[in-house]
Amino acid sequence: AQSVTQLGSHVSVSEGALVLLRCNYSSSVPPYLFWYVQYPNQGLQLLLKYTSAATLVKGINGFEAEFKKSETSFHLTKPSAHMSDAAEYFCAVRMNSGGYQKVTFGTGTKLQVIP
Amino acid sequence: AAGVIQSPRHLIKEKRETATLKCYPIPRHDTVYWYQQGPGQDPQFLISFYEKMQSDKGSIPDRFSAQQFSDYHSELNMSSLELGDSALYFCASSSLLGELFFGEGSRLTVL
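Treat the numbers as computed from the prediction; the structure is a model and nothing was measured.

Chemist: Which residues make up the interface of chain B and chain A, and what values do they have?
Modeler: Listed by partner, the interface residues are 24 residues for chain B and 20 residues for chain A. Where chain B packs against chain A, one counts one salt bridge. The closest approach of N and O atoms between E99(B) and K49(A), which form a salt bridge, is 2.7 Å. At the boundary of chain B with chain A, the tally comes to five residue pairs in polar contact (both at pLDDT 80 or more). Of all the secondary-structure elements, those providing two or more residues to the side of chain B that touches chain A are β4 (31-37), β5 (44-50), β6 (53-57) and β9 (87-94) of chain B. In terms of residue class, the side of chain B that touches chain A is built from 11 nonpolar, seven polar and six charged.

Chemist: Give a description of unusual backbone geometry that names residues and reports values.
Modeler: A negative phi angle characterises most non-glycine residues, just as the trans form characterises most peptide bonds. P8(B) follows S7(B) through a cis peptide bond whose omega is -10 degrees. Tracing the chain through its elements places P8(B) in the loop between β1 (5-7) and β2 (10-13).

Chemist: Provide a residue-level description of the sheet that holds strand β3 (residues 19-24) of chain B, including the pertinent values.
Modeler: All names here are of chain B. The antiparallel open sheet is built from four strands, whose spatial order is β1-β3-β8-β7. The open sheet terminates on both sides in strands that have one partner only, identified here as β1 and β7 (64-68). When the angles between neighbouring strand axes are averaged without regard to direction, this sheet yields 15 degrees. Here β3 runs beside strand β8 (residues 74-78); their pairing, made up of five bridges, is antiparallel.

Chemist: Describe the pairing of strand β5 (residues 44-50) of chain A, naming the residues involved and giving the relevant values.
Modeler: All names here are of chain A. For β5, the buried fraction is high: five of the seven residues fall into the buried class. Of the strand pairs in this sheet, strand β4 (residues 32-38) and β5 are connected by six bridges, and their pairing is antiparallel. Across the sheet, the residue bridging to Q38 is L44, located in β5. Connecting the antiparallel pair β4 and β5 is a turn made up of five residues, with N41 showing a positive phi of about 60 degrees.

Chemist: Got a sec to walk through the pattern of salt bridges? Specific residues and values, please.
Modeler: All names here are of chain B. Inspection of the entire model under this criterion finds seven salt bridges over all chains. Between E75 and K22 there is a salt bridge, with its nearest N and O atoms 4.0 Å apart. With E75 in strand β8 and K22 in strand β3, this pair connects stretches of sequence that are 53 residues apart. Looking at E75, the relative accessible area reads 15%, which means it is buried. The shortest N-O distance in the salt bridge between R63 and E82 comes to 3.4 Å. Here E82 lies in the loop between β8 and β9 and R63 lies in the loop between β6 and β7, a separation of 19 residues in the sequence. One connected set of salt bridges, linked through shared partners, spans R63, E82 and D85.

Calculation rules
Residues numbered from 1 in each chain as written. Chains lettered and ligands numbered in written order. Predicted model: local features only at pLDDT ≥ 70, side-chain atom pairs only at ≥ 80, totals over all residues. Heavy atoms only, no water. Contact = heavy atoms within 4.5 Å. Salt bridge = Lys/Arg side-chain N within 4 Å of Asp/Glu carboxyl O. Polar contact = N/O pair within 3.5 Å; in protein donor to acceptor, adjacent residues only side chain to side chain. Helix = DSSP H or I, 4+ residues; strand = E, 2+ residues; numbered from the N terminus. Nonpolar A, V, L, I, M, F, W, Y, C, P; charged D, E, K, R; others polar. Pairing = 2+ DSSP bridges. Axes fitted to C-alpha atoms, helices over the stretch in contact; angles between N-to-C directions. Buried < 20%, exposed > 50% of the residue type's maximum accessible area, 1.4 Å probe, protein only.

Such coordinate-based values are descriptive only and should not be taken to indicate function.
In structure tokens, the structure reads:
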């Protein structure tokens, strides 16, 4: 079965500092991986996705993630944190279930940006 | 661009009452998913539909049922509501094997 594990339920960074949110996957087949962001009281917004086309994926708002098969990781990074990045971030994996797809989420990481 | 529309955005019910949530997918998307997100929790998959047929089932209680209609909108019906059903319910839509796009969610509060 495919799954994702997010390391760290809370991450705090200073404004302007590097953001690194960790996600490791478990999959017996090449996975489709996603990062979603959820702002307070809002829905889930797709940040970026990995679909095997390129290992370094660029998303919205300056975020990017690198797929590393050797480390089974898909960590999310941003060079310089902005106050508006404060939100909860979910890593997710898409798996095929009986010919259809299902997306399973990690437990989420809350990012706090300190002025 | 059109997004996934959910209604109502907020709903307050008493225990043992019934609630219905609606989801209107992005045009030309044929697959609808329902997720439940409890306070401080990650979204949990409930059920999905492809072309009006149930395609997968997750941790959906027997008190809940859902269907997808001919216009591809979906409804989640919840009966005998319990306090623990208070959560944010998300609907997502996709084309088959495409990425999921989520609605803003419907917040259900059970008193």
